[in-house]
Amino acid sequence: MACDVPAARKLCGFLGHGARRGCSKCKKEFIPGEHFGTKMNFGGFENCMPRTKIEHRCEAQEILAEDTYQGRENKKSKYGTRYTELMKMEYFDCIRFTIIDPMHNLFLGTAKHMMKNVWLPNKILKQNDLKSIQELIDNMKVPSNMGRIPNKIASNFASFTSDQWKLWTVVYSEFALKKYLPSEDYKLWHLFVKACRILTAPIITFRSLALAHSSLMQFCRKFETKYGQLEVTPNMHLHSHLINCVVDYGPVHNFWLFSFERFNGVLGDFKTNQRAVEIQLMRRFLRDQDIRDLPFPSLFKEKLGPVFSQMKTSVVDPVYDVSSAAEHLSLSQGPVTKGNFWFNTASFCCISPHRMDYLDDDELNFLSHSYSVFLQGFEFQNGTAIFERYAGVEFLGERYGSLDSRSERSSYVIAPWVGVNGNIDPATCDARPVVVSYYVKQNVFLDGEWRTLIMARVNWFQEHPDRHMHQSGTTEIWCKDIFEPLGPASFIPVQRIQCKFVGTVQKWKRENVLFVLPLERNMYL
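Predicted, not measured: the structure shown is a model, and the values here were computed from it. (Residues numbered from 1 in each chain as written. Predicted model: local features only at pLDDT ≥ 70, side-chain atom pairs only at ≥ 80, totals over all residues. Heavy atoms only, no water.)

Peer 1: Explain unusual backbone geometry here, please?
Peer 2: Note on backbone geometry: most residues besides glycine have negative phi, and most peptide bonds are trans. With an omega dihedral of 10 degrees, the bond running from Ser352 to Pro353 counts as a cis peptide bond. By secondary structure assignment, the location of Pro353 is in strand E1 (residues 349-358). The phi dihedral of Asp481 falls on the positive side, at around 60 degrees, and the residue is not glycine. Examined against the element boundaries, Asp481 turns out to sit in strand E7 (residues 476-483). By relative accessible area, Asp481 is classed as exposed at 53%. (Helix = DSSP H or I, 4+ residues; strand = E, 2+ residues; numbered from the N terminus. Buried < 20%, exposed > 50% of the residue type's maximum accessible area, 1.4 Å probe, protein only.)

Take a look at the structure:
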């Protein structure tokens, strides 16, 4: 059962989050306010006894057995339980099947609470700070598929959507708040961002999940110490149970409600007369489905058939084999391994515009040297100067641009490949920022046959002496407009690309430098 907290409580047989026993996962008792209208105390993050399916059903039956209304209400208050029709299904576990939605819990819950109910009212962040943060974010180069936060930060984050809160938390906030938050508050927020980044990653391990849980618990306890127990929210208590949902149902992408939230927007755009809205929406769906099922008139099929056939094309992203995805991921991590698996480009899609081009002698030597690093038995005479030049490439559902393409902002990526003076270091695990100029699709003759490879022609940013001095999580400092010399490392197999990054040019010790904020890699399996 995936929904927000109030709906989950009603549907699955629990009292609301404002009850003394207001948690659907454990038996913790919250402390009500001394007077009517005062805040409830949701503090205390010690381990509590978990609820169980058998106990929950027994409590519900005990409540039903009461003869009087007041007796039932007293039992409900005592147990934090109410009867639900879902209990008629014997397999239904009201505790385990009630999901804590990460979208409401993390982003519309704690992230929003920190900004709008803690920092702004207490003047920890001021209005002028918000205007400066807005200007900072506006100057960032963001990948074209990620979206940009609108000009709402300066107006106290007015009408932020759930997607925008997620984007603000995971991508922008760690860098943007560094200058404006006091040190203690910033370290506190960094714990929350660290946990969110791990939880929203496309792949999560039990080790990283334990790290995310530890970071969330540290955040909650330090928040309680700094701001007081009355500022603790029910969502913060539910952070302690989020780990169980991930163990049960996998990465948060499997069960968070972002897709439903977007669909709510679609439903909201439907024109109705505000009466019997549900019936009108269903008629709209049935009408569209009936139109799609009608046979197309043969008289117009030749000219108009291709246009209407677009209605039946799927807009779902392509699904890739898990083993193939794992292989591609392994090629982007750790030292370079020689083998024929670099030729597995069937799931790669090169994106126009493209044209035939050729390499000069130096570039051909550099490219041939690059091939020899990861291809077994490659010799320089196996290469050719002619290649197909593409503006972009897409694989595993992620699209990468170049300086040749319209999506220039997607040309900034991170990869482990370069060593010293433009040479390749096949043993390196140090992922460095790079800008892609264009993509090279070329056939090479190996083992008696012609095979296709896709490479990226790149420029590597030079490392700044203060690379790790910003001390804001994953943010690094690199030289602006100063690149490594042209060399073999200027050609890199696209499988080595780890992720994109957000870049912004800012002052650092009276020098304009490039701040690099790595992004999580999107994957569609």
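Peer 1: Even after reading the chapter, I still don't get empty space enclosed by the protein, so can you show me in this structure?
Peer 2: Unfilled space is identified by rolling a water-sized probe across the atoms. Inspection of the entire model under this criterion finds four cavities of 30 Å³ or more. Estimated volume of the largest cavity: approximately 100 Å³. Surrounding the largest cavity, 14 residues form its lining, Val5, Ile99, Ile100, Asp101 and Leu238 being those nearest its centre. Among the elements of the structure, helix H1 (5-12), helix H4 (102-119) and helix H9 (234-249) are those that each provide at least two residues to the lining of the largest cavity. Top contributing element to the lining of the largest cavity by residue count: H1, with three residues. A class-by-class count of the residues in the lining of the largest cavity yields six nonpolar, five polar and three charged. (1 Å grid on protein atoms, 1.4 Å probe; cavity = no way out; pocket = protein on both sides within 12 Å on 5 of 7 lines; lining within 4 Å. Points joined across faces, edges and corners; volume = space filled by probe spheres on them. Nonpolar A, V, L, I, M, F, W, Y, C, P; charged D, E, K, R; others polar.)

Peer 1: I tried to follow the nonpolar core on my own but got confused; where do I start?
Peer 2: For soluble globular proteins, nonpolar side chains are generally found buried alongside one another. If you look at the biggest cluster of nonpolar residues, it comprises 77 residues, and the most contacted ones within it are Trp119, Trp168 and Leu199. Counting only elements with at least two residues in this core, the list comes to H4, helix H5 (127-138), helix H6 (162-176), helix H7 (183-199), helix H8 (206-227), H9, strand E9 (499-508) and strand E10 (511-518). The dominant element in this core, judged by the number of residues it contributes, is H7, at 10 residues. Within the second largest apolar cluster, 42 residues are counted, among which are Val336, Tyr390, Val436 and Val444. (Core = buried A, V, L, I, M, F, W, Y, C linked by side-chain atoms within 4.5 Å.)

Peer 1: Sorry, what's going on with the layout of surface pockets here?
Peer 2: In this model, the second largest pocket occupies a volume close to 320 Å³. In terms of lining residues, the second largest pocket is bounded by 13 residues, among which Leu136, Phe175, Lys179, Tyr180 and Gln506 are the most central. Secondary structure elements with two or more residues in the lining of the second largest pocket: H5, H6 and E9. In terms of residue count, H5 provides more of the lining of the second largest pocket than any other element does, three residues in total.

Peer 1: Would you mind going over the environment of Ile477 with me for this structure?
Peer 2: For Ile477, the location among the structural elements is in strand E7. Not counting residues within four places of it along the chain, the set of residues in contact with Ile477 comprises His464, Asp466, Arg467, His470, Trp508, Val513, Leu514 and Phe515. (Contact = heavy atoms within 4.5 Å.)

Peer 1: Any chance you could explain the pattern of salt bridges here in plain terms?
Peer 2: Oppositely charged side chains are able to pair whenever their charged atoms sit close together. By the definition in use, this model includes 25 salt bridges. In this structure, Lys39 engages Glu231 in a salt bridge whose closest nitrogen and oxygen atoms are separated by 3.4 Å. With Lys39 in the loop between H1 and helix H2 (53-65) and Glu231 in the loop between H8 and H9, this pair connects stretches of sequence that are 192 residues apart. By relative accessible area, Lys39 is classed as partly exposed at 46%. Between Asp357 and Arg389 there is a salt bridge; the shortest N-O distance is 3.0 Å. With Asp357 in strand E1 and Arg389 in strand E2 (residues 386-395), the pair connects residues that are 32 residues apart, well separated along the chain. Both residues of the pair, Asp357 and Arg389, belong to the buried class. Each of Arg355, Asp357, Arg389 and Asp404 takes part in one network of salt bridges that share partners. (Salt bridge = Lys/Arg side-chain N within 4 Å of Asp/Glu carboxyl O.)

Peer 1: Can you walk me through the pairing of E7 in this structure?
Peer 2: Each regular strand carries side chains that alternate between the two faces of the sheet. In this sheet, E7 lies alongside strand E6 (residues 449-463) in antiparallel orientation, the contact comprising two bridges. The residue of E7 that forms the bridge with Phe461 is Phe483. Alignment of E7 against E10, held across four bridges, turns out to be antiparallel. Along E10, the bridge assignment pairs Ile477 with Phe515. (Pairing = 2+ DSSP bridges.)

Peer 1: What am I meant to see in the packing of aromatic side chains here?
Peer 2: Geometry of an aromatic ring pair is reported as the spacing of the ring centres plus the angle between the planes. Following the criterion strictly, the structure yields 26 aromatic pairs and no others. Residue placement shows Arg451 over the ring face of Phe343; its charged tip is 5.0 Å from the ring centre. The ring centre of Tyr400 lies 5.5 Å from the NZ or CZ of Lys500, which sits over that ring. (Phe/Tyr/Trp six-rings, centres within 6.5 Å; stacked < 30°, edge-to-face > 60°. Lys NZ or Arg CZ within 6 Å of the ring centre and 35° of its normal.)

Peer 1: How do you make sense of the pairing of E9 when you look at a structure like this?
Peer 2: Burial of E9 is extensive: eight of the 10 residues sit out of reach of the surface. Note: strand E4 (residues 412-415) against E9, two bridges, orientation antiparallel. Paired with Ile414 across the two strands is Cys499, which belongs to E9. Examined bridge by bridge, E9 and E10 share eight bridges and lie antiparallel to one another. Considered in E10, the bridge of Phe501 is made with Pro518.

Peer 1: What is the right way to read a nonpolar patch on the surface from this model?
Peer 2: A surface patch of nonpolar side chains, amounting to about 450 Å² of accessible area, comprises Phe263, Val266, Met282, Phe285 and Leu286. Every element with two or more residues in the nonpolar patch is listed here: helix H10 (258-268) and helix H11 (277-293). Counting residues per element, the nonpolar patch draws most heavily on H11, at three residues. Relative to the assigned elements, Phe285 resides in helix H11. (Patch = residues over 30% accessible without salt bridge, like charges linked within 9 Å, V, L, I, M, F, W, Y side chains within 5 Å. Areas by Shrake-Rupley, 256 points an atom, 1.4 Å probe, with all protein chains shown as cover.)

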